[in-house]
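Tertiary structure, described
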2 protein chains.
Amino acid sequence: MSEKRVRGSRVTIREVAKDAGVSVAAVSKVLRDAYGVSDALRANVRASMHKLDYRPLAAARGMRGQTYTIGIVLPDLRNPFFADIMDGVNTALERTQYRAMIGISHSSVETEMGIVESMIDRQMDGMLMIGSTEDRRNLDIIAKRKPLVAIGHHDPEATTFDTVNNHDQQGAMLVVKHLAANGYRKIAMFSLVSGTSTILIQRELGYRRGMMEAGLGKHINITSSSQILREVQLSARRLLTGPQRPDAIFCWTDLIALEVISVARELGLDIPNDLAVVGYDNTMFCDFAQNSLTSIDQSGEQLGLQAARLLIERIKGRAEAEHFVVTPRIVVRPSSTPSAARA
Amino acid sequence: MSEKRVRGSRVTIREVAKDAGVSVAAVSKVLRDAYGVSDALRANVRASMHKLDYRPLAAARGMRGQTYTIGIVLPDLRNPFFADIMDGVNTALERTQYRAMIGISHSSVETEMGIVESMIDRQMDGMLMIGSTEDRRNLDIIAKRKPLVAIGHHDPEATTFDTVNNHDQQGAMLVVKHLAANGYRKIAMFSLVSGTSTILIQRELGYRRGMMEAGLGKHINITSSSQILREVQLSARRLLTGPQRPDAIFCWTDLIALEVISVARELGLDIPNDLAVVGYDNTMFCDFAQNSLTSIDQSGEQLGLQAARLLIERIKGRAEAEHFVVTPRIVVRPSSTPSAARA
DNA sequence: GAAAAAATGTAGAACGATATACGTATAACA
DNA sequence: TGTTATACGTATATCGTTCTACATTTTTTC
């Protein structure tokens, strides 16, 4: 209300205490929902806090206790899937004192570590790493210092941090099964060059298993490319103009699938009759008619919600690891359903 | 290096001082690049800091000085344009001590204010608000408390904060001029319901001026919708099936344009022959062949870079306002260039 | 009704930096 | 040479909370 508050000045816990006629410690207790305050005192203090428009200073709280801030590490801002996750996170945080602050790693291990360090420097109470490229060892090191939850990192044996995932192997198998059922045979997979990502490993494994089970083992074909758009484009073009042109491509994420659709269109290929394309994540772009992209829904919102819940539990003291797994489902759209059944 | 560091323990400035054989104050000076340290002492202290892997605790610094953290407020995570801006911001911050932390407002004034408050609570040194829905008065209030720079908020008279913008009016005029030159007449604009956004006002103004100058005043037609995808879809459908179907639609942002393309395709309309579509922001999705979307490039990276630069200047003490404006340019793609010249 | 237990509140030392105020060398000037 | 600047360092109060230890009051138990 007091708009004229000058930069630098702030209502402190001391002023609240004076106004309420109690000790500073009492106000602090109310603030932290700590033990040892009567209802009367609590109401009294709350009234003063409200009257003075008091807001605790996170930096000061951080010196001894918590900052009620959790750090979220995202690989990049361009993949709309992360927005789905964040929706879930924010839903989970809504009725709590906690706030999320996001940092972007650009899928680089060094920047990621840098961000994590700076989040620790800023006394974040815990961290949520999404699609991290760190290996188990590094995550363990982080987890030893701060409560940690990882989304998109398969490690059911991890004991120091929690994980939240969809069943990537199953998701990939769903894709292959669907494509095979629609008559596609030469099903290729478009993956990412990055030996360490456990979700990639799982998806590739699922693809292989799916192909084997469908009797298409000899058609197994995994192309890998970096995330850089130009390289993706090049790899896609190479794949589609090569001698063994696949009749279906399973892309490890929607964004790549959109790029593949683009290249295919430029080459004059008809989707889905000349080529089927399937993505992963079921982001909002799949629904656009110009994409009509079949994709795997891993309900990012659920992932975010559960991860935030687990992280707060951990901050509050839980020490045993929990590993949450969502069952993926396929959302079929025209990009993989040819008009006539195929030969 | 010391991986065994236990949660809660940290190397402090005191230990560095002891190791280097100097006072705590000296170390602090080195840390802040403050006046009064010899090269020898600086080198000595730096060596100790490095040896002990010392990292200053932002919370503690924040109690008296700066936290070297700037808060970025984004309306939403789904618009890839913001990723372009963030690239620029991060480039500007790269060689500095500053780090960016992002908060998401979901285009709601209350959440936005909540985020700003919580950023102030967390002692951010300054704030960068992108596409804010706040009015001048509210921004002034914030600017009185913390250094502030706004991207996407036209207010050349503002004295308490800086602004960074592209020339939205000019951008919109470019669109109309281009469409008119390609033979389109019934050019509609797809805007956002939100009286307060100054960039919307400018773009609408540019659209109107462009139409008048092209002698198309009687075809002026602005449709507004919320950002919710379903509503956008409905409005687009209504616009395209109504009695006065436009032959071109200028959408206030790429994301809307993609949705319009989707609806048009579902209705069996040919783009660009039955309908031209133009977006704004020139995000990566414009380039996909299935979209081939003509758009206005306002070089988000530049905007982000300049904004971060201005913010740091402000944090360091500049008091007079600066207002940076980028000249937009149109990037023409097939979505607005019909094969044959139109009647 | 005394002793024990539980509830409620307070005082004051941390937390890890910054920054002011002040000494002491060293350099510059007359 | 003495005086004055200037450069370099240090001691320590301070920022706004949390939290431990303790004092006091109230409730429970036997």
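Residues numbered from 1 in each chain as written. Chains lettered and ligands numbered in written order. Predicted model: local features only at pLDDT ≥ 70, side-chain atom pairs only at ≥ 80, totals over all residues. Heavy atoms only, no water.

1. Here's the deal with the interface of chain B and chain A
Heads up, the condition is: Should any heavy atoms of two residues lie within 4.5 Å, those residues are counted as being in contact. By buried area we mean the combined loss of accessible area, with a 1.4 Å probe, across both parts when two parts are placed together. The salt bridge criterion pairs a side-chain nitrogen of Lys or Arg with a carboxyl oxygen of Asp or Glu, the two atoms within 4 Å.
Taken residue by residue, the interface counts 60 residues in chain B and 60 residues in chain A. The junction of chain B with chain A conceals about 5,400 Å² of combined surface from both sides, 58% of it contributed by carbon and sulfur atoms. On inspection of chain B and its partner chain A, the count reaches 10 salt bridges. Between Asp-121 of chain A and Arg-10 of chain B there is a salt bridge; the shortest N-O distance is 2.9 Å.

2. Topic: the pattern of salt bridges
As a reminder, the rule being used: Strands here are runs of E lasting at least two residues and helices are runs of H or I lasting at least four, both read from the DSSP assignment and numbered beginning at the N terminus. Throughout, exposure labels follow a simple rule: accessible area from a 1.4 Å probe, protein chains only, divided by the maximum for the residue type, with under 20% read as buried, over 50% as exposed, and the rest as partly exposed.
What the rule picks out here adds up to 42 salt bridges over all chains. The partner of Arg-309 of chain B in a salt bridge is Glu-313 of chain B, and the shortest N-O contact between them spans 2.8 Å. On the criterion of helical spacing, the pair formed by Arg-309 of chain B and Glu-313 of chain B is a turn pair, its members being 4 residues apart in helix H12 (residues 300-315). A relative accessible area of 35% places Arg-309 of chain B in the partly exposed class. With a relative accessible area of 28%, Glu-313 of chain B lands in the partly exposed category. What you see here is one network of salt bridges that share partners, running through Asp-162, Arg-309, Glu-313, Arg-314, Arg-318 and Glu-322 of chain A.

3. Observations regarding the packing of aromatic side chains
Counted only if it meets this: Only Phe, Tyr and Trp rings take part, Trp by its six-membered ring, and two of them pair if their centres are within 6.5 Å. Stacked means planes under 30 degrees apart, edge-to-face means over 60, and tilted covers everything else. In this scheme, Lys NZ or Arg CZ marks a charge over a ring once it lies within 6 Å of the ring centre and within 35 degrees of the ring normal.
For the coordinates displayed, the defined rule picks out 9 aromatic pairs over all chains. Judged by centre distance (6.3 Å) and plane angle (40°), the rings of Phe-250 of chain A and Tyr-280 of chain A are tilted. Within this pair, whereas Phe-250 of chain A is found in strand E8 (residues 248-251), its partner Tyr-280 of chain A is found in the loop between strand E9 (276-278) and strand E10 (295-297), the two being separated by 30 residues in sequence. As far as burial versus exposure is concerned, Phe-250 of chain A and Tyr-280 of chain A are alike and both buried. With a centroid separation of 5.3 Å and an interplanar angle of 55°, the aromatic rings of Tyr-68 of chain B and Tyr-98 of chain B are classed as tilted. Here Tyr-98 of chain B lies in the loop between helix H5 (81-93) and strand E2 (99-104) and Tyr-68 of chain B lies in the loop between helix H4 (58-64) and strand E1 (69-74), a separation of 30 residues in the sequence. Residue class for Tyr-98 of chain B comes out buried when judged on its relative accessible area of 5%. Through a chain of ring-to-ring contacts, three or more aromatic side chains come together here, namely Phe-285 and Phe-288 of chain A together with Phe-285 and Phe-288 of chain B. Stacked on the ring of Tyr-280 of chain A, the Lys or Arg Arg-203 of chain A has its end atom at 3.6 Å from the ring centre.

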